[in-house]
Amino acid sequence: MRLNQASDFALRVLMLLANEKEPVTVEEIAVRLRLVKSHVMKIVAKLVKAGILESHRGRTGGISLGRLPSQIMVGEVVREIEADLAIVECMLDKECGCVFSPQCRLKSVMADARSAFLDVLDTRSLQSIVAAR
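In this text the structure is predicted, and so the values were computed from the model without any measurement.

**Q** Is there a simple way to think about the overall build of the chain in this case?
**A** A tally of regular secondary structure across the chain gives six helices and two strands. Relative to its 133 residues, the chain shows a buried fraction of 31%. A sequence separation of at least 24 residues applies to 61% of the contacts in the chain between residues at least 6 apart. Element-wise, carbon and sulfur atoms account for 52% of the exposed surface of the chain, whose accessible area totals about 8,800 Å².

And the structure:
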């Protein structure tokens, strides 16, 4: 299974913010992580909506973690960012052109694999992946 680039960027944003004492602007995040500002803005918006990040307005505003790093699980972040976690086409919520449906057992095998993948990510907190400074 491969995550999209947005999940990678989201985890990098969180790792950066976990080591900051004060809010950091989206522009500063983009520069420090060498990411496109518009991508960072979209990711931050999703994570703020999910309560993983907090947005602070004003002259000294910026973005900060919404919870302690030990309370933010990698699996939660991936679920918030990924549009779908379908490994094969038949896992999507739409008709697929597979000639083996509905007798095929591949879908349940792939669903088990996805669950196992996410189960591992659910055991890892942001704190566990952040290098102490």
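**Q** Where do I start with the pairing of strand β1 (residues 53–56) in this structure?
**A** As a general feature of sheets, a regular strand has side chains that alternate between the two faces. Bridging between β1 and strand β2 (residues 62–65) involves four bridges; their strand directions are antiparallel. Across the sheet, residue H56 finds its bridge partner in β2, namely G62. Between β1 and the antiparallel strand that follows it, β2, lie five residues; G58 among them carries a positive phi value of about 105 degrees.

**Q** Can you help me understand helix α2 (residues 26–33) in this one?
**A** Since the α-helix advances by 3.6 residues per turn, residues separated by three or four positions end up pointing in the same direction. Those residues of α2 not exposed but buried are V26, I29, A30 and L33. Angular distribution of buried residues about the axis of α2 spans 100 degrees; they occupy a single face of the element. Buried positions along α2 lie against α1 (5–18), α3 (37–49) and β2. Immediately beyond the C-terminal end of α2, within one or two residues, lies R34, with a positive phi of roughly 60 degrees.

**Q** Can you help me understand the pattern of salt bridges in this one?
**A** When the charged atoms of two side chains with opposite charge come close together, those side chains can pair. One pass over the structure, following the stated rule, counts six salt bridges. Between R12 and D8 there is a salt bridge whose closest N-O contact spans 2.6 Å. Of this pair, R12 and D8 are both found in helix α1, four residues apart, which corresponds to roughly one turn of the helix. Taking the relative accessible area as the measure of exposure, D8 reaches 35% and is therefore partly exposed. Residue E27 is joined to K37 by a salt bridge in which the shortest nitrogen-to-oxygen separation is 3.8 Å. Of this pair, E27 sits in helix α2 while K37 is found in helix α3, placing the two residues 10 residues apart along the sequence. Look at E27 and you get partly exposed, because its relative accessible area is 48%. One salt-bridge network, in which partners are shared between bridges, spans E20, E28 and R32.

What counts as what
- Residues numbered from 1 in each chain as written.
- Predicted model: local features only at pLDDT ≥ 70, side-chain atom pairs only at ≥ 80, totals over all residues.
- Heavy atoms only, no water.
- Helix = DSSP H or I, 4+ residues; strand = E, 2+ residues; numbered from the N terminus.
- Buried < 20%, exposed > 50% of the residue type's maximum accessible area, 1.4 Å probe, protein only.
- Contact = heavy atoms within 4.5 Å.
- Areas by Shrake-Rupley, 256 points an atom, 1.4 Å probe, with all protein chains shown as cover.
- Pairing = 2+ DSSP bridges.
- Arc of directions from axis to C-beta.
- Salt bridge = Lys/Arg side-chain N within 4 Å of Asp/Glu carboxyl O.

Interpretation note: all reported values are geometric properties and have no functional meaning in isolation.
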